[in-house]
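Spelled out, the chains give:
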There are 2 protein chains.
Amino acid sequence: MDRQILQERLAALIASTPVGERLPSEPKLAKQLGVSRATLREAMRVFETQGLVWRRQGVGTFVARPAQVLESGLEVLESIERMAERIGLPVTMGELHVQVQSASRSVANVLQLEPGASIVHVARVILVEDRPAAYLEDMVPEGYLTVEEVNGYFTGSVLDLLLRRESPPLGSSRCEINSVAAESAVARALNIQRGDAVLRFVSLLYTVDGKPIDYSLSYFLPGYFRFHVVRRVS
Amino acid sequence: MDRQILQERLAALIASTPVGERLPSEPKLAKQLGVSRATLREAMRVFETQGLVWRRQGVGTFVARPAQVLESGLEVLESIERMAERIGLPVTMGELHVQVQSASRSVANVLQLEPGASIVHVARVILVEDRPAAYLEDMVPEGYLTVEEVNGYFTGSVLDLLLRRESPPLGSSRCEINSVAAESAVARALNIQRGDAVLRFVSLLYTVDGKPIDYSLSYFLPGYFRFHVVRRVS
DNA sequence: CCGCTGTCAATTGTCTGACAACCCATTAAG
DNA sequence: CTTAATGGGTTGTCAGACAATTGACAGCGG
């Protein structure tokens, strides 16, 4: 059995088990899923780390909360478009600007490039019911992304584009969360007043071997999206 | 060896290994740490889930990024006071209000209580260099927290108080992130204008068996604190 | 009847040894 | 020079076993 399949089946099991209920014992579950106890335990450790289940020696493994909560959290990197699709919110893309720029000093520094290196800059507005809800900027070193690629296949998400071409394999993203007053460019794009409160994500996406590949700024108008994160104790 | 010790030693090893470098092979590392390969793999799976390391069959295990990044992220539940202490930011507590209230319908609903049940309401302002930086509200069902306890030992953090008394054991917290315009009470507490942008966390803390124990609203002025979260792929 | 204690089965935590799958460098063959 | 085979090293998985812990239950004494 594939590892991913195992994780999904376990997630389904956890989701379908009432909170507080005990899961089948490890030997039974391992036999039922057709894997060894060691493999099952390793997979279960992931859910334990995420606070979904809770194990106690001599007693059993219990469901702490439904898996659904996590699936929509910030822990998993997901494009706005896929998130909207999942929750059934119809979004469209307005005003798209794609161009090749030379990186400024600060951007080059963040992306670990030489100052002046070519980057592809993608900026667009996300519309919900034809009203601006988010403004997204992505900066990707040229070579990982081409202007033609964006103009050809673009559905609104740079992340989905990078995920589709499986090389380089993506690792994780570090996302800093702020509340800022909208500067003029952002205010214009979102059709709000300068100085209005917007939620800003500053994200840096890394490949598995730690190279930054996408520096993005996301501005969200309050109300359209709900973001959350599950925080574990110790 | 204790599980926590093992995790800490592994975290130290990862932190002291340059990004991109290979870790010792599993058999060697297991022997070196005095645990079996199965146990080591289970522990390592935690770091893999968090995007700290990256394993590839037939090749090895590699460090994806330094552990330090995660340690200050939102994934781990930590009080503002401890976070400030860790980054060397001197904070003090201003205006503390503690009182027993009867829960409103919405609060009772969130905390899974009968409407009108008694809750302990704690509100205080966090000062950085004698200037307001955050406004925190906690609502805890009576029984988990007493007014005397707060007035006696309080250092500014309800979370630390709940952590100190080890029963009930805490599980995880779900934190929703918003950017909102400050309402009048918050604006007054933080000494800002009504309508100014503040970052708001709405958190619900659960025990390991899934009972809500602390409903908290946190308002942060931009600039004093930096919050981030690591998002993993798929 | 109540409370205490020892016993026992069930469950998770860990260990051992082994094999499979995979990757990479080296070597051999063409 | 190019290509195929090979072998060592690494992670992925497995089966079986034992240790540690827990909760329930029977038995006993008061």
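Residues numbered from 1 in each chain as written. Chains lettered and ligands numbered in written order. Predicted model: local features only at pLDDT ≥ 70, side-chain atom pairs only at ≥ 80, totals over all residues. Heavy atoms only, no water.

Caption draft 1: A look at the overall build of chain A. Of regular secondary structure, chain A possesses nine helices and 10 strands. Principal axes of the C-alpha set define a box for chain A whose edges measure 60 × 35 × 35 Å. Expressed as a percentage of contacts within chain A between residues at least 6 apart in sequence, the contacts between residues at least 24 apart total 56%. Accessible surface for chain A amounts to roughly 11400 Å². Of this, 47% is attributable to carbon and sulfur atoms. Looking at chain A, you have 26 positive and 27 negative side-chain charges, and the mean spots of the two groups are 10 Å apart. (Helix = DSSP H or I, 4+ residues; strand = E, 2+ residues; numbered from the N terminus. Contact = heavy atoms within 4.5 Å. Areas by Shrake-Rupley, 256 points an atom, 1.4 Å probe, with all protein chains shown as cover. Lys, Arg positive; Asp, Glu negative; His and termini not counted. Charge placed at Lys NZ, Arg CZ, Asp CG, Glu CD.)

Caption draft 2: Just the sheet that holds strand β5 (residues 118-128) of chain B, in detail. Sheet architecture is open: eight strands sit in the order β3(B)-β10(A)-β7(B)-β8(B)-β9(B)-β6(B)-β5(B)-β4(B), paired in mixed fashion. The open sheet is flanked by β3 (76-77) and β4 (91-102) of chain B, the only strands paired with a single partner. Here strand β7 (residues 170-181) of chain B pairs with strand β8 (residues 197-207) of chain B via 10 bridges, running antiparallel. By the bridge assignment for β8 of chain B, S173 of chain B is matched with L205 of chain B. (Pairing = 2+ DSSP bridges.)

Caption draft 3: Examining the protein's contact with DNA strand D more closely. Neighbouring DNA strand D are 22 residues; T39 and Q57 of chain A together with E26, R37 and R41 of chain B lie closest to it. Backbone atoms, meaning sugar and phosphate, make up 67% of the atoms of DNA strand D lying within 4 Å of the protein. The contact in question runs from a phosphate oxygen of DNA strand D to an N or O atom on the backbone of S36 of chain A, over 2.9 Å. Within the residue set of the surface near DNA strand D, elements represented by two or more residues are α3 (37-49) of chain A together with α2 (26-33), α3 (37-49), β1 (53-56) and β2 (60-63) of chain B. (Near = heavy atom within 4 Å. Polar contact = N/O pair within 3.5 Å; in protein donor to acceptor, adjacent residues only side chain to side chain.)

Caption draft 4: Fine view of the protein's contact with DNA strand C. Within the structure, DNA strand C sits among 20 residues, and E26, R37 and R41 of chain A together with S36 and T39 of chain B are positioned closest to it. Near the protein, within 4 Å, the atoms of DNA strand C are sugar or phosphate in 65% of cases. Elements that contribute at least two residues to the surface near DNA strand C include exactly α3, β1 (53-56) and β2 (60-63) of chain A together with α3 of chain B. Its residues placed into classes, the surface near DNA strand C shows three nonpolar, 10 polar and seven charged. (Nonpolar A, V, L, I, M, F, W, Y, C, P; charged D, E, K, R; others polar.)

Caption draft 5: Layout of the relation of the copies chain A and chain B. Note on the copies: chain A fits chain B at an RMSD of 0.1 Å, the axial shift is 0.0 Å, and the rotation between them is 180 degrees. When the rotation and shift are considered jointly, the pair of chain copies conforms to a two-fold rotation axis. When the interface residues of chain A are mapped onto chain B, 100% of them again fall at the interface, so both copies present the same face. (Least-squares fit on C-alpha atoms with pLDDT ≥ 70 in both.)

Caption draft 6: Expanded view of the packing of aromatic side chains. Residue and element names in this part refer to chain A. Under the counting rule described, the total for this entry stands at 14 aromatic pairs over all chains. Each ring, one from W54 and one from F62, has its centre 5.2 Å from the other, and the planes form 35 degrees; the classification is tilted. For W54, a relative accessible area of 24% gives the class partly exposed. Note on F62: relative accessible area 15%, which makes it buried. For the pair F201 and F220, a centre-to-centre distance of 5.2 Å together with 65 degrees between the ring planes defines the contact as edge-to-face. With F201 in strand β8 (residues 197-207) and F220 in strand β9 (residues 212-220), the pair connects residues that are 19 residues apart, well separated along the chain. You'll find F201 and F220 in the same group, each marked buried. (Phe/Tyr/Trp six-rings, centres within 6.5 Å; stacked < 30°, edge-to-face > 60°. Buried < 20%, exposed > 50% of the residue type's maximum accessible area, 1.4 Å probe, protein only.)

Caption draft 7: Region of interest: the interface of chain A and chain B. With 51 residues of chain A in contact, the opposing surface of chain B contributes 51 residues. Taken over both partners, the interface formed by chain A and chain B buries close to 5000 Å², and the fraction arising from carbon and sulfur atoms is 53%. Ranking the residues of chain A by area buried against chain B places E42, R45 and R231 of chain A at the top, with a combined share of 17%. Counting every contact that joins chain A to chain B gives eight salt bridges. E176 of chain A is paired through a salt bridge with R226 of chain B; the nearest N and O atoms lie 3.2 Å apart. At the junction of chain A with chain B, the criterion picks out 29 residue pairs in polar contact (both at pLDDT 80 or more). (Buried area = accessible area lost by both parts, 1.4 Å probe. Salt bridge = Lys/Arg side-chain N within 4 Å of Asp/Glu carboxyl O.)

Caption draft 8: Highlighting the packing of helix α1 (residues 3-15) of chain B against α2 of chain B. Residue and element names in this part refer to chain B. α2 packs onto α1 with a crossing angle of 125 degrees between their chain directions and a minimal axis gap of 12 Å. Classified by the interaxial angle, the pair formed by α1 and α2 is oblique. With respect to the hand of their crossing, α1 and α2 are arranged in right-handed fashion. Counting all contacts with α1, which are made through L6, R9, L10 and L13, the residues of α2 involved are L29, Q32 and L33. (Axes fitted to C-alpha atoms, helices over the stretch in contact; angles between N-to-C directions. Parallel < 35°, antiparallel > 145°, perpendicular 65-115°, else oblique. Left-handed = near helix turned anticlockwise from the far one by under 90°.)

Caption draft 9: Structural context of the pairing of β1 of chain B. All names here are of chain B. Going residue by residue along β1, you find V53 and R55 tucked away on one face and W54 and R56 left uncovered on the opposite face. The pairing of β1 with β2 spans four bridges and is classified as antiparallel. Counted as the bridge partner of V53 is V63 from β2. In this structure, the hairpin formed by β1 and β2 is closed by a connection of three residues, where G58 is found at a positive phi of approximately 85 degrees.

Caption draft 10: Local environment of α2 of chain B. All names here are of chain B. Restricting attention to buried positions, one finds in α2 the residues E26, L29, A30 and L33. Angularly, the buried residues of α2 cover 100 degrees about the axis, an arc narrow enough to put them on a single face. In α2, the exposed residues that point more than 90 degrees away from the buried face are K28, K31 and Q32. Looking at the buried side of α2, the elements it contacts are α1, α3 and β1. Where α2 ends, the next residue or the one after it, G34, has phi of about 75 degrees, a positive value. (Arc of directions from axis to C-beta.)

Caption draft 11: Quick peek at the pattern of salt bridges. Inspection of the entire model under this criterion finds 22 salt bridges over all chains. Between E42 of chain A and R45 of chain B there is a salt bridge, and its shortest N-O distance comes to 3.3 Å. Within this pair, whereas E42 of chain A is found in helix α3, its partner R45 of chain B is found in helix α3, the two belonging to separate chains. Residues participating in the shared-partner salt-bridge network are E26, R37, R41, R45, E48 and R55 of chain A together with E42 of chain B.

Caption draft 12: Region of interest: the sheet that holds strand β4 (residues 91-102) of chain A. Across the sheet, which stays open at both edges, the eight strands sit in the order β3(A)-β10(B)-β7(A)-β8(A)-β9(A)-β6(A)-β5(A)-β4(A) with mixed pairing between neighbours. Both edges of this open sheet fall to β3 (76-77) and β4 of chain A, since each of them pairs with a single strand only.

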